[in-house]
Amino acid sequence: MRSALIVVVVFILMPCVLLAQKVTLSGYVRDGSTGESLIAATIYIKEAAQGASTNNYGFYSVSVPAGKYTVIYSYVGYSPLALEMDLSTSLTHNADLSPSTTMKEVKITSGRKDANVKNAEMGTVSLSIGRIKTLPVLFGEVDILKTLQLLPGVQSAGEGNSGFYVRGGGPDQNLVLLDDAVVYNTGHLFGFFSVFNGDAIKDVTLIKGGAPANYGGRLSSVVDVSMKEGNLKEYHAEGGIGLIASRLTLEGPIKKERGSFMVSGRRTYIDVLARPFSERLQNTGYYFYDANLKANYKLGEKDRLYLSGYTGVDKFKFQNSRGTFKADIPWGNNTATLRWNHQFNDRLFANTTLVYNDYNFASNFSQNNFSVKLASGIRDYNAKTDFDYYSPTNHHLKMGAVYTNHTFIPNQISGTVDTITLEPENAYIKHAHEAGAYILDEWEPTNWLKINAGIRYSWFGQTGPYTAFKFDGAGNITDSTKYGKGDIVKTYGGWEPRLNLRFALNEASSIKTSVSQTYQYLHLVTNNGSTLPTDIWAPSTYLIRPQKAHQFSAGYFRNFLDNQLEASVEVYYKDMYNQLQYREGYTPNTIRDPELDYVMGKGTAYGAEFFVNKTKGKFTGWLGYTLAWTYQTFEKLNNGERFPLKYDRRHDISVVGTYKFSNKWTFSSVFVFGSGNAITLPTAYYFIDGQLVQLFSKVNAYRIPSYHRLDLSATYTPQPKKKRRWESSWAFSVYNAYNRKNPYFLYVDNSGNVANGIKVAVYQVYILPIVPAVTYNFKF
């Protein structure tokens with residue numbers, strides 16, 4: 001009995017003894033030239049064959065048995081740093097990496113070089129801003145979102161448009177974050193440019209499916225964009241002068257090695273240049289501007305504050321020659337983020353975030369003594385806290401909670417006639433609470449298995465003031481219930497399990513699988529396929545149920561040539577429920593609550609993605625191909641029959657290449673091909689009381705012609721004999737090099753009369769021919 005008791009005690013205490021013999025190496029990995037933290041940098045302890053990577057703030061922690069080790073710090077685009085360390089006790093070490101001169105401006109991804117096969121995440125791509133800047137773009141304006149459209153599984157919303165669809169999901173199903181703030185409208189110039197100024201951006205990551213549990217609120221994808229922190233060591237400036245816009249960025253230390261700032265601005269000036277040449281343009285024109293600001297300060301060795309903000313405004317003005325009619329249409333995003341990092345100890349890291357977010361759109365029209373204003377928008381107040389815990393057994397646990405207060409303005413109208421002012425009490429403004437909590441664990445129990453498993457619970461509650469209606473079978477209102485301010489009208493919630501598995505076949509290849517369930521409580525209701533400012537964000541309500549999706553994916557990943565060439569094949573299947581469309585025959589108006597005109601259905605998307613990516617050397621680039629199907633079914637649309645969505649694009653091909661010819665010249669090219677979007681067209685005409693009436697096809701029964709385009713660019717960087725503080729380059733680009741007349745939209749026109757016959761024709765409209773551009777970039 002006594003012997004048995006001793007065995008039990010030893011069995012219980014042995015793990016504690018073993019853990020007590022482990023020590024922890026922790027710290028931060030930074031850019032040695034600027035002091036900025038490096039996200040997803042790799043720390044590898046050679047003798048223990050144990051690795052770790054930094055979090056979003058550059059912090060890392062890894063535990064090993066006490067001993068002497070070789071520790072290797074690495075990050076793509078930087079020279080690796082190998083150090084001999086005596087880890088007889090726990091140690092804190094901050095590593096500064098130096099940018100590699102041989103890799104300058106040719107890196108394509110961030111993080112560890114074998115992440116393609118070693119990580120558990122699927123459908124995840126990180127792009128460096130340096131690589132993005134080498135690619136040819138419309139009007140010479142660097143565009144993050146257009147670069148993401150070149151990846152398999154990501155489709156553009158249309159010619160020159162920054163809107164995008166991921167694996168069959170709509171534009172509202174993409175969670176776009178800028179320093180943790182949600183970006184509701186991602187486009188300038190009606191979508192032709194994204195709101196992200198490349199000079200202000202540090203890193204961008206796309207997650208196409210199987211997002212970890214710390215992300216929530218969208219069904220299809222995550223685009224996580226981080227702004228530069230600012231140089232902790234020196235003051236610098238960079239900018240560019242282009243054909244339609246210019247930009248300037250300033251950064252430097254608030255106090256050396258303690259705090260830094262970054263401020264960046266951009267504005268178009270076509271309106272200013274054109275105004276002197278035409279009197280008619282004195283009060284007519286279009287422009288946009290945006291500004292980014294970020295500052296950070298170390299309060300101590302374990303505390304750091306970050307403050308970041310963004311403001312962007314588009315403005316279109318028109319006035320006729322007599323001045324009797326005027327139009328003023330402004331719209332834009334404003335965000336502010338305050339973050340506090342705190343390191344409790346060498347294994348526990350926390351980040352607390354407060355976010356303010358405001359998106360608004362307005363249309364102001366006036367004629368003589370009559371004026372009218374139509375406004376819509378969304379405003380959020382958000383708070384969240386996240387923890388990273390690195391256990392002695394090298395489990396990386398993440399947990400946290402988030403709360404958001406939403407205010408939605410679907411449509412609000414006001415106006416004046418002479419001295420009479422119309423300001424109706426608009427009952428269509430909606431309010432809601434949204435909250436979530438999550439926990440996930442990333443763990444590598446064996447060399448061949450890595451697990452990223454998590455669960456999230458999300459909750460959504462609509463609050464008053466609100467009037468809930470009841471309807472009969474014919475859609476007539478039979479009863480109503482009024483809710484006061486703050487009253488809970490309707491609540492929704494659900495569990496969101498996430499699981500990613502990686503099975504290593506050998507050092508160069510692996511198989512990955514992913515399963516996830518997600519909820520989305522916001523809807524973007526639109527009559528078209530791109531995120532134009534006229535689209536309306538609407539919450540889940542008493543009548544509108546939240547969107548829900550199940551996604552399954554699997555893939556084979558293989559690296560070649562010492563990780564210089566990455567290849568993958570992924571397949572996916574996704575079911576989407578409670579999808580929203582307008583009812584048949586819907587006509588926009590401001591008198592009736594828009595949610596009374598929505599119909600709900602379900603969607604299905606499936607396909608395969610092929611990706612070959614060369615990440616090193618003088619020549620870099622990738623080849624992507626997507627084979628995909630996307631359908632929706634609505635009981636009250638298309639006679640209840642399944643129909644393809646507008647963005648059901650069967651084939652999508654992108655070929656991207658960059659060649660560094662010399663230190664002075666870098667050449668790039670992009671070729672894209674996509675099957676034509678689905679479209680609904682009239683198929684027959686008949687007369688009723690002498691009036692021509694159209695009979696339309698089934699929903700999206702036809703296809704517009706296929707889309708293809710070639711873009712070219714060359715960047716010239718002078719190399720003076722003596723190194724100077726002023727550095728410059730010229731970027732020359734040609735968009736649509738062979739002048740393909742790609743369709744922007746089709747329309748049907750008819751002419752003639754009943755007596756002589758009616759002639760009907762379908763016309764194609766294209767808007768972007770060959771577009772050359774030149775941009776002068778500078779840095780000092």
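Residues numbered from 1 in each chain as written. Predicted model: local features only at pLDDT ≥ 70, side-chain atom pairs only at ≥ 80, totals over all residues. Heavy atoms only, no water.

1. Examining the overall build of the chain
Okay, step 1: Scanning the chain for helices and strands turns up five helices and 51 strands.
Okay, step 2: Considering the chain as a whole, with its 780 residues, one finds that 52% of them fall into the buried category.
Okay, step 3: Sequence separation of 24 or more characterises 64% of the internal contacts of the chain that already satisfy a separation of 6 or more.
Okay, step 4: With an accessible surface of roughly 35000 Å², the chain has 59% of that area assigned to carbon and sulfur atoms. (Helix = DSSP H or I, 4+ residues; strand = E, 2+ residues; numbered from the N terminus. Buried < 20%, exposed > 50% of the residue type's maximum accessible area, 1.4 Å probe, protein only. Contact = heavy atoms within 4.5 Å. Areas by Shrake-Rupley, 256 points an atom, 1.4 Å probe, with all protein chains shown as cover.)

2. Digging into the sheet that holds strand E2 (residues 42-45)
Okay, step 1: Read across the open sheet, the four strands follow the order E3-E2-E5-E6; overall the sheet is antiparallel. Every other strand in the sheet has two partners, leaving strand E3 (50-53) and strand E6 (81-87) as the edge strands with one partner each. Each strand axis lies, on average, 20° off the axis of its neighbour in the sheet, ignoring direction.
Okay, step 2: For E2 and strand E5 (residues 67-74), the ladder comprises four bridges, and the chain directions are antiparallel. Paired with Ile-43 across the two strands is Tyr-73, which belongs to E5. (Pairing = 2+ DSSP bridges. Axes fitted to C-alpha atoms, helices over the stretch in contact; angles between N-to-C directions.)

3. Quick word on the sheet that holds strand E9 (residues 124-128)
Okay, step 1: Spatially, the five strands line up as an open sheet ordered E9-E16-E17-E12-E13, and their pairing is mixed. Either end of the sheet is taken by a strand with one partner, and the two such strands are E9 and strand E13 (181-182).
Okay, step 2: Where E9 meets strand E16 (residues 201-207), five bridges bridge the pair, whose relative direction is antiparallel. Each residue of the ladder has a partner; that of Leu-127, found in E16, is Val-204.

4. A closer look at the confidence of the model for the chain
Okay, step 1: Across the chain, the average pLDDT comes to 84, with 89% of residues at 70 or higher.
Okay, step 2: The weakest mean pLDDT in the chain belongs to helix H1 (residues 2-20) at 44; the strongest belongs to strand E29 (residues 449-463) at 95.
Okay, step 3: Considering only residues more than four positions removed or in separate chains, one finds that residues 4-20, a stretch of pLDDT under 50, has two contacts.
Okay, step 4: A low-confidence stretch, residues 102-112 stays under pLDDT 50, and its non-local contacts, those more than four residues away or across chains, total 41 contacts. (pLDDT = per-residue confidence, 0-100.)

5. Thoughts on a nonpolar patch on the surface
Okay, step 1: Nonpolar side chains collect at one region of the surface, where Leu-299, Leu-305, Leu-307, Leu-338, Trp-340 and Leu-354 lie side by side and expose about 530 Å² of accessible area between them.
Okay, step 2: Breaking the nonpolar patch down by element, the ones donating at least two residues are strand E22 (303-319) and strand E23 (325-343).
Okay, step 3: Checked against the element boundaries, Trp-340 lands in strand E23.
Okay, step 4: Residue classification places Trp-340 among the partly exposed residues on the basis of a relative accessible area of 38%. (Patch = residues over 30% accessible without salt bridge, like charges linked within 9 Å, V, L, I, M, F, W, Y side chains within 5 Å. Salt bridge = Lys/Arg side-chain N within 4 Å of Asp/Glu carboxyl O.)

6. Section: the packing of aromatic side chains
Okay, step 1: Under the counting rule described, the total for this entry stands at 33 aromatic pairs.
Okay, step 2: Residues Tyr-519 and Tyr-521 carry aromatic rings whose centres are separated by 6.3 Å and whose planes lie at 10° to one another, so their mutual orientation is stacked.
Okay, step 3: Residue classification places Tyr-519 among the buried positions, given a relative accessible area of 12%.
Okay, step 4: An aromatic cluster is present here, built from Tyr-28, Tyr-57, Phe-59, Tyr-306, Phe-349 and Tyr-390 joined pairwise through their rings.
Okay, step 5: A cation sits over an aromatic face here: Arg-339 above Tyr-306, 5.6 Å from the ring centre.
Okay, step 6: Lying over the aromatic face of Tyr-631, Arg-642 brings its terminal NZ or CZ to 3.7 Å of the ring centre. (Phe/Tyr/Trp six-rings, centres within 6.5 Å; stacked < 30°, edge-to-face > 60°. Lys NZ or Arg CZ within 6 Å of the ring centre and 35° of its normal.)

7. Observations regarding the pattern of salt bridges
Okay, step 1: Applying the stated rule across the entire model yields 23 salt bridges.
Okay, step 2: Between Arg-339 and Asp-180 there is a salt bridge; the shortest N-O distance is 3.5 Å. Within this pair, whereas Arg-339 is found in strand E23, its partner Asp-180 is found in the loop between strand E12 (174-178) and E13, the two being separated by 159 residues in sequence.
Okay, step 3: Using a relative accessible area of 7% as the deciding quantity, one classes Arg-339 as buried.
Okay, step 4: Taking the relative accessible area as the measure of exposure, Asp-180 reaches 19% and is therefore buried.
Okay, step 5: Across the salt bridge formed by Asp-180 and Lys-384, the nearest N and O atoms sit 3.5 Å from each other. With a gap of 204 residues between them, Asp-180 in the loop between E12 and E13 and Lys-384 in strand E25 (residues 370-390) connect regions that are remote in the sequence.
Okay, step 6: Classification of Lys-384 by relative accessible area gives partly exposed; the value is 21%.
Okay, step 7: Several salt bridges converge on common partners, so that one network encompasses Asp-179, Asp-180, Lys-294, Arg-339, Lys-384 and Asp-386.

8. Remarks on the side chain of Glu-251
Okay, step 1: Its place among the elements puts Glu-251 in strand E19 (residues 245-255).
Okay, step 2: Despite its burial, Glu-251 pairs with no opposite charge, the nearest such side chain being Lys-228 at 4.6 Å.
Okay, step 3: At 3.1 Å, the side chain of Glu-251 forms a polar contact with the backbone nitrogen of Asn-231.
Okay, step 4: Among all residues touching Glu-251, those that are not within four sequence positions of it are Glu-36, Gly-230, Asn-231, Glu-234, Tyr-235, His-236, Phe-261 and Met-262. (Lys, Arg positive; Asp, Glu negative; His and termini not counted. Polar contact = N/O pair within 3.5 Å; in protein donor to acceptor, adjacent residues only side chain to side chain.)

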